[in-house]
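The chain contents come next:
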Protein chains: 4
Amino acid sequence: MSEPSAVKDALRNQRIETPSWGYGNSGTRFKVFAQPGVPRDPYEKLADAAQVHAATGVAPKVSLHIPWDRVEDYGKLAAHAGSLGLELGAINANVFQDDDYKLGSVTNPDPRVRRKAVDHLLDCVDIMDATGSHDLKLWFSDGTNYPGQDDVAARQDRLAEALGEVYARLGDDQRILLEYKLFEPAFYTMDVPDWGTAFAHCLRLGPKAQVVVDTGHHAPGTNIEFIVAFLLREGKLGGFDFNSRFYADDDLMAGAADPFQLFRIMHEVVRNGGLDERTGVAFMLDQCHNIEAKIPAVIRSVMNVQEATAKALLVDADALGAAQRGGDVLAANAVLMDAFSTDVRPLLAEVREEMGLRPDPVAAYRATGWAEKTAAERVGGEQAGWGA
Amino acid sequence: MSEPSAVKDALRNQRIETPSWGYGNSGTRFKVFAQPGVPRDPYEKLADAAQVHAATGVAPKVSLHIPWDRVEDYGKLAAHAGSLGLELGAINANVFQDDDYKLGSVTNPDPRVRRKAVDHLLDCVDIMDATGSHDLKLWFSDGTNYPGQDDVAARQDRLAEALGEVYARLGDDQRILLEYKLFEPAFYTMDVPDWGTAFAHCLRLGPKAQVVVDTGHHAPGTNIEFIVAFLLREGKLGGFDFNSRFYADDDLMAGAADPFQLFRIMHEVVRNGGLDERTGVAFMLDQCHNIEAKIPAVIRSVMNVQEATAKALLVDADALGAAQRGGDVLAANAVLMDAFSTDVRPLLAEVREEMGLRPDPVAAYRATGWAEKTAAERVGGEQAGWGA
Amino acid sequence: MSEPSAVKDALRNQRIETPSWGYGNSGTRFKVFAQPGVPRDPYEKLADAAQVHAATGVAPKVSLHIPWDRVEDYGKLAAHAGSLGLELGAINANVFQDDDYKLGSVTNPDPRVRRKAVDHLLDCVDIMDATGSHDLKLWFSDGTNYPGQDDVAARQDRLAEALGEVYARLGDDQRILLEYKLFEPAFYTMDVPDWGTAFAHCLRLGPKAQVVVDTGHHAPGTNIEFIVAFLLREGKLGGFDFNSRFYADDDLMAGAADPFQLFRIMHEVVRNGGLDERTGVAFMLDQCHNIEAKIPAVIRSVMNVQEATAKALLVDADALGAAQRGGDVLAANAVLMDAFSTDVRPLLAEVREEMGLRPDPVAAYRATGWAEKTAAERVGGEQAGWGA
Amino acid sequence: MSEPSAVKDALRNQRIETPSWGYGNSGTRFKVFAQPGVPRDPYEKLADAAQVHAATGVAPKVSLHIPWDRVEDYGKLAAHAGSLGLELGAINANVFQDDDYKLGSVTNPDPRVRRKAVDHLLDCVDIMDATGSHDLKLWFSDGTNYPGQDDVAARQDRLAEALGEVYARLGDDQRILLEYKLFEPAFYTMDVPDWGTAFAHCLRLGPKAQVVVDTGHHAPGTNIEFIVAFLLREGKLGGFDFNSRFYADDDLMAGAADPFQLFRIMHEVVRNGGLDERTGVAFMLDQCHNIEAKIPAVIRSVMNVQEATAKALLVDADALGAAQRGGDVLAANAVLMDAFSTDVRPLLAEVREEMGLRPDPVAAYRATGWAEKTAAERVGGEQAGWGA
């Protein structure tokens, strides 16, 4: 257990990045349910993100998705973010919503399509130059639907080539964050299905390539915190895409489906030094809110990550180490569970008050009337959604 | 093993119903990839289905989805089907693509929405009266995304009430086919997640309610053929929605992901009398073709069901029974595997030629030039997709 | 949220039954690791169980496993239990550890073996008469390892016949608790793989047959609390076998793998009246402790069930119902999460002190020196294990 | 599609290694069912393995498990193997059946236990020197049962240290084959849970360390053939432990649960050059036969691997490549399925007859009377089982 003041410091300093697409309309393959007041452009998304930061004090960064957040002048968008007390965070490349990508983007059998996809990735680096973003987050929907559809190894060759070209283009303080996902949207095999594949590619690329762990992207039974510990040990954990799920679609609020798992993940982060800013671990949300109100859902997600972090910080490391070294299974487990069983909401309320915030971020947001205001004002135009 | 002529008779008599929505555009939550020549209305979908029947000789029935296949005059649509050598099959009610259904249809906490949903189901029975369809297929996307969101038991009460009202409206030769699905689109719990739930409701409703087994709707590790055998034993297997999947989305061609599983399912069907028309087991496809050409994909799916059926018919029942009764594990398994290892394509080619068809349905379809013709002609208008 | 005093009453009155086999040696298929001081006979197991009850005050009942707990005189064993402040609980029939059962017990293709198995079940009812036990818990390891090995439907016939014979033998205040399990030890299919199968058999048997939910017996992704709510609504939930697991073997302490799931289960129990003694829901543990000390592991498991129950009792039912009826997804979820986030350990400590117990049951047990004493005294003889 | 003669050559040259433990008694955690005629020592196991080779002609190698196959003089055992027309294959180290290993072997928190475990591994290399074996197969049951029980990263450090010491001891033509397994026997986390972990360690160790893919060791939904292709591309596929399973325990005959998956795996092997002896890919079985006769079960497993290989060799590579490059999803899949649908049993019968063998290996074995002979002769002594 860290000193109380150290715990508070760590909670105050943790930054949780929110995704621009979490503020827009979204859904499942069956239906997108529209909500009133949803932003119509990246500027309005930033305005919503500013509400989350105002309420929580720890969410100043906003991830963009290109082309969903395409604007004419990224410098202007960054400046607008600054004027709201925000910064632009990771640039998420999107090479999955164009008819050309039906059989893949960077791994497509057609060289013309691959060229187009890589050019988009290079454009994203240009955007990073303009926005001052450090992270290029790459998730590829590439894969195949049927056995035999394409050559698995050849697709790896194409992937490696594309990544190499993009890596070479990175600036000194820029990096690739490579994401993996087991099973979707390609039905038979994804081209980056698991952390091992992402890790192997990052290793070849070099120090500016790291793996992103999206908590919703694993096979049933996978021990995610093991992967987190392993990647931290290898210096290859670039960050998290937090969200949760019970089975497939991974758009529930972080910590909603399995708060104990989120705690175990944060325990490995704390234990292996991942809260130290110098490790560069980015704590990002990657989720959409299909049936619940979006801004309070993002706020709740930020709070859930904070609560898991607080509990992880409260683990009595000395007692844990002693029990572990002594082989006392029950005692070691009990040390961890003691921290998990603790109600950390009062501690976080205190931290917030010391930061000049209201203790309950959801109530703080409700009190602003922002939801009513935007529902009234944001009429006409097209509300942002996937692909909007 | 049945007599050769009995095997051929069974293959000739099996009917495989194809879904109107399999001919339209479809995709994942990430992207719908459009294809040229896709139908623009139910009449064009029937024209495509007629191609499948022309090539295979066993697919005269077409399932409709309401409202996707809404027309002014269902009698006229049925007559049109008849003129193409087709009949209209199951009516699939759709209560999941209206903003009102965000929190459920027949299980919605709001009585107004429940009324609307039940009215739609009753409308579907009216349509059945007009089309001469016997089966009302009910799949509810209803469920909840978050623990606590709604009361699990209260939703069952509402479901039971809605089903009871619809059941009472059924005509003498009409039935409810109740489908179940584990995990989608509701993230936390579905209101009809498994066969046990569907079975319990059907039992209460009475003899005109039966369970549909969609092969893509189970948890990993579920033994689907056990469910098939169990429901047949209870007289409660209404039919199949065939398709396949490796993990989540279940839109691959039937038999594409696990042909051995499809064979095992058909083995239980054959063993337990389910090929006998009098049991009323409906062999339906429920799949969409996101990246492959649609008509040949449906043809291939029909062929896959036929091949699995043929292999199941070739199981030497006497030898199997003897080995089973004798407790000879390897011998019993070998009898089954012998049938599975058999290449039944020549047998099916023979059956087709005896029916006056070409032996290779895919080649037969290619030879018609239908794909080129429809790609050229079906321009303008809106191509059918989910919700089109 | 119930009144504080009602919450305490409920916690004081809940009974958690512990399993005799949890006190013996156990392991995986790879290795059983022996521990010092482990009981050598049913009498010593009861002595250990009495320690758990002494420390927690809520665990007076002990389940037996026959033949593991075979004794000459069951009346004497019951009297011994009484002298320790305990009662004998459910009788667990064991028809899986005899070479005769290689291909099944009550579903074996060989009628001689089936007769032997049913006779054992009838013997167990005799034992219940002698011990005063009300519950016959039936878990069948029966199933097949290979497709084709035996006839799935015929095995259901045999199962139904065996259950019918045993049901007819039950006394007025005796019942069958039928358990289901997806995948083990039969590799291809279990004969009672899921709740639907158990439910269907219990329905046919009559009111004295109910389903047991073992929390470790489901496919990945299964929503167990849905099953609990459904069975309570149908009056068919007989009880729980609590334990936990991350993937396969289900011998971890209840609540250890997913405390949020255990809370959600108890929420459905509370919400649907299952804490009311008159519903007859039995709260049993079914777990073994392979590498951790056994008695404190049982104590911790009891505490985990209590903590989940306490949190479920603290759910503000009025606020929850209002949010649910209003369709406020986030508010409804927040009501549930508020209860889960609460640290209920102080409340339970208070309840214990009011019962004249020490607030921390694990510390109370440690203070007795029982572990040291039994390690010193229980030497010689054969320590109890599976099959001992 | 390779030339017919090349297909036959490949089938004739493939070597499938059988495991000594597949000939002994085995079971699940619930029960080991004994069979008559089971070997009582490593010499008798070799005699059984010789029957498999006599019947199939492709199984001359036998894997040993130490200490299950401990003998005084390994040179003598190797000579005995030679006299039977066999060679000794991989040495499987076993550091999981000693009470000392309750909390792990090479990752145990206690340095004394780690030393003991590493010494055992070094002993195994000595045995390799004596037997002429080239492969040290390492599967560690190490892991933890409860969150917090031990430090995940520290265990990786210990693992790396142990592997390094063993690696340094390897001779020029010896290698480490490192196995991974997701979920058993450790309940919370395994120390080598997935291919990524094994791969990362092998990469650090150097060229004499490669990964073994056990087909039964993955999470549900994992695409095993992707891993195979990836490892072959990286030069890090050391071999296979073939077996199959439907959910957890992985002791079914290779190809029994999902023959299509086995075919897809062999397709990636063929496509990526893995049949070439120079790649060093070892085709090993790792399975036990709990309820079926052991020798014929091994024979059937060998045949299943051969059939999958034959089908993979029959894939028309030119047609496949053309369809893949052209983006014709259905055509590419059809090429693969054509090969899978082919009945290759006649081809393999022909290959066997050309090798001077009977066409049906199971019948050939039955004709020897070996089962009856050993059942009569092998009485007295202790039959081999796990730990025997």
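Residues numbered from 1 in each chain as written. Chains lettered and ligands numbered in written order. Predicted model: local features only at pLDDT ≥ 70, side-chain atom pairs only at ≥ 80, totals over all residues. Heavy atoms only, no water.

Per an unreviewed UniProt entry, the recorded name for chain A is L-rhamnose isomerase, and the organism is Kitasatospora herbaricolor.

This paragraph deals with the interface of chain A and chain B. Note on interface size: it is often stated as the accessible area lost on association of the parts. Each side of the interface is counted separately: chain A has 42 residues, and chain B has 42 residues. Counting the surface lost from both chain A and chain B, the interface buries some 4200 Å², and carbon and sulfur atoms represent 65% of this. Looking only at chain A, the three residues that lose the most surface to chain B are R29, F187 and Y247 of chain A, adding up to 23% of its buried area. Among the salt bridges present, the one from D251 of chain A reaches R29 of chain B, with a minimum N-O distance of 2.9 Å. Across the chain A-chain B interface, the total number found is 13 residue pairs in polar contact (both at pLDDT 80 or more). (Contact = heavy atoms within 4.5 Å. Buried area = accessible area lost by both parts, 1.4 Å probe. Salt bridge = Lys/Arg side-chain N within 4 Å of Asp/Glu carboxyl O. Polar contact = N/O pair within 3.5 Å; in protein donor to acceptor, adjacent residues only side chain to side chain.)

Mapping chain D onto chain A calls for a rotation angle of 180° and an axial translation of 0.0 Å; the resulting RMSD is 0.0 Å. Between the two chains, the operation in question is that of a two-fold axis. Judged by C-alpha distance, G196 of chain D is the residue of chain D that lies nearest the rotation axis, at 2.0 Å. A share of 100% of the interface residues of chain D reappears at the interface of chain A, consistent with the copies meeting face to face through the same patch. (Least-squares fit on C-alpha atoms with pLDDT ≥ 70 in both.)

So, about the interface of chain D and chain A. Residue-level contacts link 52 residues of chain D with 52 residues of chain A. Taking both partners together, chain D and chain A bury about 4100 Å²; carbon and sulfur atoms supply 60% of that area. Interface area lost by chain D to chain A is led by F226, R233 and Q324 of chain D, which between them contribute 15%. Summed over the shared surface of chain D and chain A, the result is six salt bridges. One salt bridge in this structure joins D151 of chain A and R271 of chain D, with 2.2 Å as the shortest N-O distance. Applying the counting criterion to the chain D and chain A interface returns 18 residue pairs in polar contact (both at pLDDT 80 or more). Elements with a minimum of two residues in the side of chain D that touches chain A: α5 (152–169), β7 (189–190), α6 (195–205), α7 (224–233), α8 (259–271), α10 (317–325) and α11 (329–341) of chain D. No other element matches α6 of chain D, which puts eight residues into the side of chain D that touches chain A. Among the residues forming the side of chain D that touches chain A, the class breakdown is 25 nonpolar, 14 polar and 13 charged. (Helix = DSSP H or I, 4+ residues; strand = E, 2+ residues; numbered from the N terminus. Nonpolar A, V, L, I, M, F, W, Y, C, P; charged D, E, K, R; others polar.)

The subject of this paragraph is the confidence of the model for chain A. In this model, chain A carries a mean pLDDT of 96, and residues with pLDDT of at least 70 account for 99%. Reported confidences for the modelled complex are a pTM of 0.98 and an ipTM of 0.97. (pLDDT = per-residue confidence, 0-100.)

So, about the packing of helix α5 (residues 152–169) of chain C against helix α6 (residues 195–205) of chain C. Residue and element names in this part refer to chain C. It is the contact of α5 with α6, at a shortest axis distance of 10 Å, that shows an interaxial angle of 45°. On the basis of the axis angle, α5 is oblique to α6. The interaxial crossing formed by α5 with α6 has right-handed handedness. Between α5 and α6, the residues in contact are Q156, L159, A160, L163, G164 and Y167 and T197, H201 and L205, respectively. (Axes fitted to C-alpha atoms, helices over the stretch in contact; angles between N-to-C directions. Parallel < 35°, antiparallel > 145°, perpendicular 65-115°, else oblique. Left-handed = near helix turned anticlockwise from the far one by under 90°.)

Residues and elements named next belong to chain B. What the eight strands build is a closed barrel, ordered β1-β2-β3-β4-β6-β8-β9-β10; its pairing is parallel. When the angles between neighbouring strand axes are averaged without regard to direction, this sheet yields 30°. Relative to the sheet, helix α5 (residues 152–169) contacts β4 (135–138), β6 (175–179) and β8 (209–214), its axis offset from that of β6 by approximately 150°. (Pairing = 2+ DSSP bridges.)

Residues and elements named next belong to chain C. The end-to-end C-alpha distance of helix α4 (residues 111–131), which contains 21 residues, comes to 30 Å, matching closely the 30 Å that a straight helix rising 1.5 Å per residue would cover. Buried within α4 are the following residues: V113, A117, V118, H120, L121, L122, C124, V125, I127, M128 and T131. Looking at the buried positions of α4, the neighbouring elements they touch are β2 (61–66), α3 (74–83), β3 (87–93), β4 (135–138), α5 and β6 (175–179). If you check the start of α4, you find a side-chain oxygen 2.8 Å away from the backbone N of R112, and it comes from D110. Positive backbone phi, approximately 80°, marks G132, located one or two places after α4. (Expected span 1.5 Å × (residues − 1). Buried < 20%, exposed > 50% of the residue type's maximum accessible area, 1.4 Å probe, protein only.)

Approximately 1000 Å³ is the volume attributed to the second largest cavity. Lining the second largest cavity are 44 residues, with G221 and D258 of chain B together with G221, F246 and D258 of chain D positioned closest to its centre. When contributions to the lining of the second largest cavity are tallied by element, the ones reaching two or more residues are α7 (224–233) and α8 (259–271) of chain B together with α7 and α8 of chain D. When residues of the lining of the second largest cavity are assigned to their parent elements, the largest contribution, four residues, is made by α8 of chain D. Class assignment of the residues belonging to the lining of the second largest cavity gives a composition of 18 nonpolar, 18 polar and eight charged. (1 Å grid on protein atoms, 1.4 Å probe; cavity = no way out; pocket = protein on both sides within 12 Å on 5 of 7 lines; lining within 4 Å. Points joined across faces, edges and corners; volume = space filled by probe spheres on them.)

Moving on: the sheet that holds strand β6 (residues 175–179) of chain D. All names here are of chain D. With parallel pairing, the eight strands of this closed barrel are ordered in space as β1-β2-β3-β4-β6-β8-β9-β10. When the angles between neighbouring strand axes are averaged without regard to direction, this sheet yields 30°. Here strand β3 (residues 87–93) pairs with strand β4 (residues 135–138) via three bridges, running parallel. If you follow A93 over to β4, its bridge partner there is L138. Against the sheet, α8 makes contact with β9 (237–242) and β10 (282–285), and its axis sits at roughly 160° relative to β9, the strand it touches most.

Applying the stated criterion across every chain, the model contains 140 salt bridges over all chains. The salt bridge involving D249 of chain B is made with R29 of chain A; its shortest N-O contact spans 3.5 Å. Taken as a pair, D249 of chain B in the loop between β9 (237–242) and α8 and R29 of chain A in the loop between β1 (16–19) and α2 (42–56) lie in two separate chains rather than in one. Here D249 of chain B and R29 of chain A have matching classes, each one buried.

The next thing to look at is the relation of the copies chain A and chain B. Related by rotation about an axis and a shift along that axis, the two copies of the chain form a pair. With an RMSD of 0.0 Å, the fit of chain A onto chain B corresponds to turning through 180° and sliding 0.0 Å along the axis. Both copies contact each other with a shared surface, as 100% of the interface residues of chain A are interface residues in chain B too.

With glycine set apart, most residues show a phi of negative sign, and most peptide bonds adopt trans. Each neighbour pair has its own omega, and for E184 of chain B with P185 of chain B the value is 5°, a cis peptide bond. By secondary structure assignment, the location of P185 of chain B is in the loop between β6 and β7 (189–190). Backbone torsion omega between I66 of chain D and P67 of chain D reads 20°, so that peptide bond is classified as cis. Residue position: P67 of chain D is located in the loop between β2 (61–66) and α3 (74–83).

The next thing to look at is the UniProt feature "domain: Xylose isomerase-like TIM barrel" (unreviewed entry) in chain A. Here the UniProt-annotated "domain: Xylose isomerase-like TIM barrel" (unreviewed entry) positions come out as residues 75–248 of chain A. Helix makes up 40% of residues 75–248 of chain A and strand 18%, and the two end C-alpha atoms of the span are 37 Å apart. (UniProt positions renumbered as here; feature names shortened; annotations may be inferred.)

Okay, the side chain of S20 of chain C next. Residue and element names in this part refer to chain C. Relative to the helices and strands, S20 resides in the loop between β1 (16–19) and α2 (42–56). On the basis of relative accessible area, S20 is assigned to the buried category, the value being 1%. Within the structure, S20 has its side chain in polar contact with the side chain of D69 (distance 2.4 Å). Those residues in contact with S20 that lie beyond four places of it in its chain are K45, V62, S63, L64, H65 and D69.

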